[in-house]
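Observations on the model geometry
So the chains spell out like this:
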Amino acid sequence: MDLAFTKEEQAFREEVRSFFRDNVPPDTRRKLVEGRHLTKDEMVTWWRILNRKGWGVSHWPTQYGGTGWTSVQHYIFNEELQSYPAPQPLAFGVSMVGPVIYTFGNEEQKKKYLPRIANVDDWWCQGFSEPGSGSDLASLKTKAERKGDKWIINGQKTWTTLAQHADMIFCLCRTDNNAKKQMGISFIVFSMKSKGVTVRPIQTIDGGHEVNEVFFDDVEVPYENLIGEENKGWDYAKFLLGNERTGIARVGVSKERLRRIRDLASKVESAGKPIIQDAAFREKLAACEIELKALELTQLRVVADEGKHGKGKPNPASSVLKIKGSEIQQTTTELLMEVIGPFAAPYDVHGDDGSNEAMDWTAQIAPSYFNNRKVSIYGGSNEIQRNIIAKAVLGL
Amino acid sequence: MDFDLNEEQRLLKESIDGLLTDSYDFESRKKYMKEKGGWSKTVWLKLAEQGLLGLPFSEADGGFGGGGVETMIVMEALGKALVLEPYLATIVIGGGFLRHAGTDAQKAAHVPGIIDGSKTLAFAQLEKSSRYDLFDVTTTAKKKGDGWIIDGEKFVVLNGENADTLVVTARTKGDRRDRSGIGVFLVPANAKGVAKKSYPTQDGLHAADITLTGVEVGPDAVLGNPEDSLALIERVVDEARVALCAEAVGLMDESLKTTVEYIKTRKQVGVAIGSFQSLQHRASDMFVAAEQARSMSMFATMASDFEDAKERSNAIAAAKVQIGKSLKFVGQQSIQLHGGIGMTMEAKIGHYFKRLTMIENSFGDTDYHQRRVADAGGLI
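Quantities reported herein were computed from a predicted structural model and do not represent experimental measurements.

1. Details of the overall build of chain B
When its secondary structure is counted, chain B shows 11 helices and 10 strands. On C-alpha atoms alone, chain B measures out to a radius of gyration of 21 Å, which is about the 21 Å that the 2.2 N^0.38 rule sets for 380 residues. Counting only residues that meet the buried cut, chain B has 52% of its 380 residues in that class. Considering only intrachain contacts with a sequence separation of at least 6, the fraction spanning at least 24 residues in chain B is 74%.

In structure tokens form, the structure reads like this:
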């Protein structure tokens, strides 16, 4: 047992850190620190910088542009990226559809899609959830019917994150109504510009527009856009969801936010002195930092385990990551709310231009608190995670 | 970075787990508890035979040169089996003082007897009003010729009844809460002026309240600097905290396992109660709490080697906070999920709960350590 990173790993951390320092556009970083939404341009600009460096799809196999890093290097990269902070790669392309395509797709599909995913020439979105299929995803109804060399797709998806920017969608569609519900689903990709695709925004409680409803009305898709085999889509979806186990804890994000809380708490006054000098607040902050340290260690255990024994058999501790990671992220946004107190109330009166530095930092704190309620809901709600632990780990 | 045990450590784990499976079932434990001082000399000698009592001592001192990880393995196993024998008092704490501050002569006088199982120690530190502050000491040691005269009262001294030697903290200078002026003394338990009142503790161990009245010891009784040993005490107590964290992890593992087995077999309305989602979610939360505790126990184990004393203490305090929170949840919910049977002395689970509970209140509870971390400027 040894907690220390090797010299090489430490040097790697320095390399990553200094690359971020030199290359992340300062305004992009500022907006992330303040919890603001980025424009499509800001995100794509950064991802292309990352891709030019060869780090855009770091965890892909090297023949498709991956880096060949060890699990520990991936961990360091993610931590530095999250805590700098810089925008994380677009998960829908890089972590989700990309691996499905290079694992189950044919050569033509790999050639056609993978480089465009890496450079974000196509912005991808995910067509999984439906109004009637949340945690019970396998009950989905969106239908793809084969007609000659085409699929005809009808149905509705929802919670489609950033679909307003998307060029492409990967979609779970029912292709066999008679099979057991998991067995009749196929994994089909198509252009969001196709005729019959309608995107309708959903405004969330933070006032933002991240998610959408997407409607399919007789959308015609070439048959060759099927990934892998017909009716095997459920397997690919499970593969995709199980692919990204450790990033989900978002330890770096929470670290960055805790640093910000500490910083703000030493400026904002309560009872005539900085709120950080209030014992009750300080202890609450310490409690959160301790929880995060425990989570970081749990994550490192999973990472070290994967590095040594491969990703085949997941470490039981990995199921802790989603639950604790989301709870801690939510606690950090609660602490921010506590720091600004009554100044949580004003809506974003100063806009996004950063012109009023004196007040600007408060504007996104309440929205960020509201927005972060999502983290214990998406990607399999924490209640689903508890079902998984009970069944898969405890054998209940 | 590596969280796996090496080959030797795996063997150690197998050997102690094997030994305790053979000789430490719940029924045997009840018998051991009735022996003098609350534990079994026979078991203690078996631990000695396997080399476990010499584990953390250097080879030069006749031990095996084991480190923090080895102690973690042992403490986890002792926790899992709910062991009563004074490993913490004798090997971790008493032995810790000798390892960190013992002169060659002191080591020669004490270590061989510890390793072969013939001698045990006890740590006489807690006072009526000191609570968790190690520097809050009113017991005095006054110079007399070459030696010292010790006067004071110490409470809840684990293994106080059986110990051959007491490790006593006493003030040689200054006022009650001064950080300097504290010494550590090796006092023979049968010295004139040592009076003991022994009793069982809530968790089935035995402790004693000890009064020292004009106890005379020689110059060879002093461990380290008699006027400035707080850093030494903090170091050894930090190691004790780390050991308690590991013991708690063992206790939590066993509590969770026992509870999950119970809800799988206990039937109500015709089905196993473990099929109910509310109980499944509770058990999942117990698992999460236990894993977070395990992570911090490992962290604390590795932190005990940190060069920087402040960083070390802060990390260990953080671990004690996580362990305290986790053990409370796992302990309480183990009882809850067992239902009425969990309330009985007859069932094993209540005894795990009681030991876990006492660990929280040993060497600083959750609030105490959380405050320490907060005052040290946090952990990020």
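2. Quick look at the UniProt feature "domain: Acyl-CoA oxidase/dehydrogenase middle" (unreviewed entry) in chain B
In the numbering adopted here, UniProt assigns the feature "domain: Acyl-CoA oxidase/dehydrogenase middle" (unreviewed entry) to residues 123-209 of chain B. Structurally, residues 123-209 of chain B is divided into 0% helix and 51% strand, and its ends, taken at the C-alpha atoms, are 11 Å apart.

3. Overview of the UniProt feature "domain: Acyl-CoA dehydrogenase/oxidase N-terminal" (unreviewed entry) in chain B
Mapped onto the present numbering, the UniProt feature "domain: Acyl-CoA dehydrogenase/oxidase N-terminal" (unreviewed entry) falls at residues 6-117 of chain B. Secondary structure across residues 6-117 of chain B divides into 66% helix and 0% strand, with the first and last C-alpha atoms of the span separated by 27 Å.

4. Remarks on the interface of chain B and chain A
Across the contact, 33 residues belong to chain B and 36 residues belong to chain A. Of all the elements in the fold, those that place two or more residues in the side of chain B that touches chain A are α7 (230-265), α8 (277-303), α9 (309-338) and α11 (366-375) of chain B. Among the elements that line the side of chain B that touches chain A, the one with the most residues is α8 of chain B, at 14 residues. Per-class residue counts for the side of chain B that touches chain A are 18 nonpolar, nine polar and six charged.

5. With respect to the domain arrangement of chain A
The domain boundaries assigned to chain A delineate domain 1 (7-89), domain 2 (124-239) and domain 3 (245-393). Between the C-alpha centres of domain 1 of chain A and domain 2 of chain A the distance comes to 29 Å.

6. Quick notes on the UniProt feature "domain: Acyl-CoA dehydrogenase/oxidase N-terminal" (unreviewed entry) in chain A
In the numbering used here, UniProt assigns the feature "domain: Acyl-CoA dehydrogenase/oxidase N-terminal" (unreviewed entry) to residues 6-119 of chain A. Overall, residues 6-119 of chain A shows 68% helix and 0% strand. The separation of its end C-alpha atoms is 32 Å.

7. Comments concerning the pairing of strand β3 (residues 147-158) of chain B
Consecutive side chains of a regular strand alternate in pointing toward one face of the sheet and then the other. All names here are of chain B. Across five bridges, strand β2 (residues 140-144) lies against β3 in antiparallel orientation. Bridge pairing links Lys-143 to Trp-148 in β3. Between the antiparallel neighbours β2 and β3 lie two residues, among them Gly-145 with a positive phi of about 60°. In this sheet, strand β7 (residues 206-217) lies alongside β3 in antiparallel orientation, the contact comprising eight bridges. Bridge pairing in β7 links Leu-158 to Ala-207.

8. Brief notes about the pairing of strand β4 (residues 168-174) of chain A
All names here are of chain A. Of all seven residues that make up β4, seven are buried, and the element is covered over most of its length. Residues of β4 alternate between two faces, with Met-168, Phe-170, Leu-172 and Arg-174 on one and Ile-169, Cys-171 and Cys-173 on the opposite face, all of them buried. In this structure, strand β1 (residues 124-127) lies alongside β4, joined through four bridges in parallel fashion. Bridge pairing in β4 links Gly-127 to Cys-171. Strand direction decides the pairing type here: β4 and strand β5 (residues 185-191), joined by seven bridges, are antiparallel. Bridging across to β5, Ile-169 finds its partner in Phe-190.

9. Considering α11 of chain B
Where α11 of chain B is concerned, the buried positions are Thr-366, His-369, Gln-370, Val-373 and Ala-374 of chain B. When α11 of chain B is viewed along its axis, its buried side chains cluster within an angular range of 145° and face the same direction. Next to the buried residues of α11 of chain B lie α9 (279-309) of chain A together with α9 and α10 (348-360) of chain B. Looking at the residues trailing α11 of chain B, positive phi occurs at Gly-377 of chain B, about 95°.

About the thresholds
- Residues numbered from 1 in each chain as written.
- Chains lettered and ligands numbered in written order.
- Predicted model: local features only at pLDDT ≥ 70, side-chain atom pairs only at ≥ 80, totals over all residues.
- Helix = DSSP H or I, 4+ residues; strand = E, 2+ residues; numbered from the N terminus.
- Rg over C-alpha atoms; globule rule 2.2 N^0.38 Å.
- Buried ≥ 20, exposed ≤ 12 C-beta atoms within 10 Å, placed from the backbone.
- Contact = placed C-beta atoms within 7 Å.
- UniProt positions renumbered as here; feature names shortened; annotations may be inferred.
- Nonpolar A, V, L, I, M, F, W, Y, C, P; charged D, E, K, R; others polar.
- Domains from an automatic or database assignment.
- Pairing = 2+ DSSP bridges.
- Arc of directions from axis to C-beta.

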